[in-house]
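Spelled out, the chains give:
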Amino acid sequence: MTTIAFIGLGNMGGPMAGNLVKAGHEVRAFDLSQASRDAAAELGVGIAGTAVDAVRNAAVVVTMLPAGKHVLSVWGDILPYARPGALIIDSSTIDVESARKAHALAGERGCLSLDAPVSGGVGGAKGATLTFMVGGSDKAFEQGDPVLSAMGRRVVHCGPAGNGQAAKICNNMILGVSMIGVSEAFVLAEKLGLSHQALFDVASTSSGQCWSLTTYCPVPGPVATSPANNDYRAGFASALMLKDLKLSQEAAQAAGASTPMGAVAAQLYGLHNAWGEGEADFSAIIKLLRGRAPA
Ligand code: NAD
């Protein structure tokens with residue numbers, strides 16, 4: 001059993017903290033929102049009065065927050081009270097630069113640290129089936145692996161500080177671009193009189209095959225579990241896809257990488273979000289590509 005502090009009990013963090021409790025760890029957690037604290041308490045998570053109270057004496061601290069500015073602010077507040085030698089893990093999706101700054105702050109305090117963003121969404125957080133992409137030293141990874149494994153199915157060490165975030169935004173740039181490509185193909189098929197099922201049957205077993213087609217197919221019918229069958233509700237929100245595409249564009253600019261398809265994908269998801277589709281699954285981008293305003 002490890003004493004773990006958990007800061008940020010939202011849609012992802014709440015169930016993740018609950019899974020640490022299920023795995024037999026003692027969890028003391030904090031969130032600014034009363035509703036999030038109450039929901040986590042129902043899962044057996046111990047609630048502290050402040051983030052600082054949660055981290056005192058914890059061997060491991062996990063943060064799951066909206067963006068880089070929140071992570072740097074919370075780590076700045078808690079690190080002076082963290083046990084020297086404690087392991088601090090951030091699982092939020094944030095920019096690579098902030099992630100590396102957070103590692104430096106932890107190092108100044110004599111703490112080990114990992115950036116460990118996730119894929120798998122709220123379902124993965126609830127079912128403890130997340131994939132963790134992890135950046136940090138070998139020693140920090142060795143200590144963090146058992147804790148992360150209690151919340152996920154795969155834990156991949158991607159290299160030194162910041163490389164977990166780098167892997168996350170590269171993966172999601174592929175995802176955004178591929179969803180637009182798949183959606184365009186269905187729109188073209190509609191114009192050419194080719195049925196959704198016929199295109200799916202061919203492309204899913206041909207060189208057009210990809211996750212956006214076979215798991216989150218943007219038209220209803222071919223894949224029973226895809227959000228398109230549920231009016232694009234649930235799934236991976238378009239607002240989060242836009243956030244990740246913006247992060248990949250910031251990183252590409254800073255690193256001098258040429259990512260023209262990622263740039264177009266960010267523009268299209270920006271427009272889609274501006275049309276009020278931010279809460280819809282990201283496969284709803286097909287509506288924009290059909291050129292119809294949302295109902
Ligand atoms: P969320 O908005 O539901 O939760 C964030 C929580 O952080 C909120 O409860 C908020 O009150 C809390 N918070 C903010 N500032 C705080 C502070 N200073 N101290 C304590 N608590 C604070 O977001 P989420 O969906 O749980 O996502 C969390 C992170 O995971 C984000 O970075 C997101 O991009 C990433 N992510 C989300 C998904 C998903 O499907 N929701 C999937 C993969 C990655």
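These remarks concern the structure in this document. (Residues numbered from 1 in each chain as written. Predicted model: local features only at pLDDT ≥ 70, side-chain atom pairs only at ≥ 80, totals over all residues. Heavy atoms only, no water.)

## Structural notes on the environment of A167
One can find A167 in helix α8 (residues 163-192). Along the backbone, A167 and K191 are 24 residues apart, and their C-alpha atoms lie at a distance of 37 Å. (Helix = DSSP H or I, 4+ residues; strand = E, 2+ residues; numbered from the N terminus.)

## Thoughts on the layout of surface pockets
Approximately 1300 Å³ is the volume found for the largest pocket. Those elements giving two or more residues to the lining of the largest pocket turn out to be α4 (68-78), β7 (118-119), α6 (121-127), α8, α10 (211-214) and α11 (238-255). Looking at which domains feed residues into the lining of the largest pocket, each of domain 1 (3-161) and domain 2 (166-290) gives three or more. Quantified by volume, the second largest pocket comes out at close to 350 Å³. Counting only elements with at least two residues in the lining of the second largest pocket, the list comes to α5 (96-108), α8 and α11. A per-element tally of the lining of the second largest pocket places α11 first, with seven residues. Classifying every residue of the lining of the second largest pocket gives eleven nonpolar, two polar and four charged. Composition of the lining of the second largest pocket by domain shows at least three residues from each of domain 1 (3-161) and domain 2 (166-290). (1 Å grid on protein atoms, 1.4 Å probe; cavity = no way out; pocket = protein on both sides within 12 Å on 5 of 7 lines; lining within 4 Å. Points joined across faces, edges and corners; volume = space filled by probe spheres on them. Domains from an automatic or database assignment. Nonpolar A, V, L, I, M, F, W, Y, C, P; charged D, E, K, R; others polar.)

## Regarding helix α2 (residues 34-42)
Within α2, the full set of buried residues consists of S36, R37 and A40. The buried residues of α2 occupy an angular sector of 100 degrees when projected down its axis, which confines them to one face. Facing away from the buried surface of α2 by more than 90 degrees, the exposed residues are A35 and E42. The backbone nitrogen of A35 has a side-chain oxygen 3.3 Å away, supplied by the residue at the start of α2, namely S33. (Buried < 20%, exposed > 50% of the residue type's maximum accessible area, 1.4 Å probe, protein only. Arc of directions from axis to C-beta. Polar contact = N/O pair within 3.5 Å; in protein donor to acceptor, adjacent residues only side chain to side chain.)

## Overview of the nonpolar core
Membership of the largest hydrophobic core comes to 30 residues, with the highest contact counts inside it found for F6, M16, L20, F132 and M151. Mapped by element, the contributors of at least two residues to this core are β1 (3-7), α1 (13-22), β2 (26-30), β4 (60-63), β5 (87-90), β6 (112-115), β8 (130-135) and α7 (138-149). Broken down by element, the residue count for this core peaks at four residues, all from α7. For L20, the contacting residues outside a window of four places in its chain are I4, F6, H25, V27, V147, A150 and M151. In this structure, I7, A51, V61 and L65 belong to the second largest nonpolar core, which totals 23 residues. (Core = buried A, V, L, I, M, F, W, Y, C linked by side-chain atoms within 4.5 Å. Contact = heavy atoms within 4.5 Å.)

## Section: the packing of aromatic side chains
Working definition: an aromatic ring pair is given by the centre-to-centre distance plus the angle between the planes. For the coordinates displayed, the defined rule picks out three aromatic pairs. Connected via pairs of aromatic rings, a cluster forms that spans W211, Y216, F236 and F282. (Phe/Tyr/Trp six-rings, centres within 6.5 Å; stacked < 30°, edge-to-face > 60°.)

## Some details on empty space enclosed by the protein
If you walk through the whole model with that rule in mind, you get one cavity of 30 Å³ or more. The calculated volume of the largest cavity comes to roughly 40 Å³. In terms of lining, the largest cavity is formed by V71, W75, D90, I94, A99, A102, H103, L114 and D115. Contributing elements (two or more residues each) for the lining of the largest cavity: α4, α5 and β6.

## Description of the site of the ligand
Close contacts around the ligand come from 21 residues, with N11, M12, D31, L65 and K243 the closest. The side chain of D31 places a nitrogen or oxygen atom 2.6 Å from an oxygen atom of the ligand. For the ligand, whose unbound accessible area comes to 840 Å², protein coverage reaches 82%. The cavity that encloses the ligand is the largest pocket. Elements that contribute at least two residues to the shell around the ligand include exactly α6 and α11. (Near = heavy atom within 4 Å. Areas by Shrake-Rupley, 256 points an atom, 1.4 Å probe, with all protein chains shown as cover. Sits in = over half its atoms within 2 Å of the grid points.)

## A word on the environment of S119
Relative to the elements of secondary structure, S119 occurs in strand β7. Accessibility expressed as a relative area gives 24% for S119, which makes it partly exposed. For the pair S119 and T129, spaced ten residues apart in sequence, the C-alpha to C-alpha distance is 9.2 Å. Once residues lying within four places of it in the same chain are set aside, the contact partners of S119 are L130, T131, M133 and K168.

## Remarks on α7
Its twelve residues give α7 an end-to-end C-alpha distance of 16 Å, which sits within 8% of 16 Å, the value for a rise of 1.5 Å per residue. Regarding α7, the residues found buried are A140, F141, G144, V147 and L148. Within α7, the buried residues cover an arc of 125 degrees as seen down the axis, which keeps them to one side. Facing away from the buried side of α7 by over 90 degrees, the exposed positions are D138, K139, E142 and P146. (Expected span 1.5 Å × (residues − 1).)

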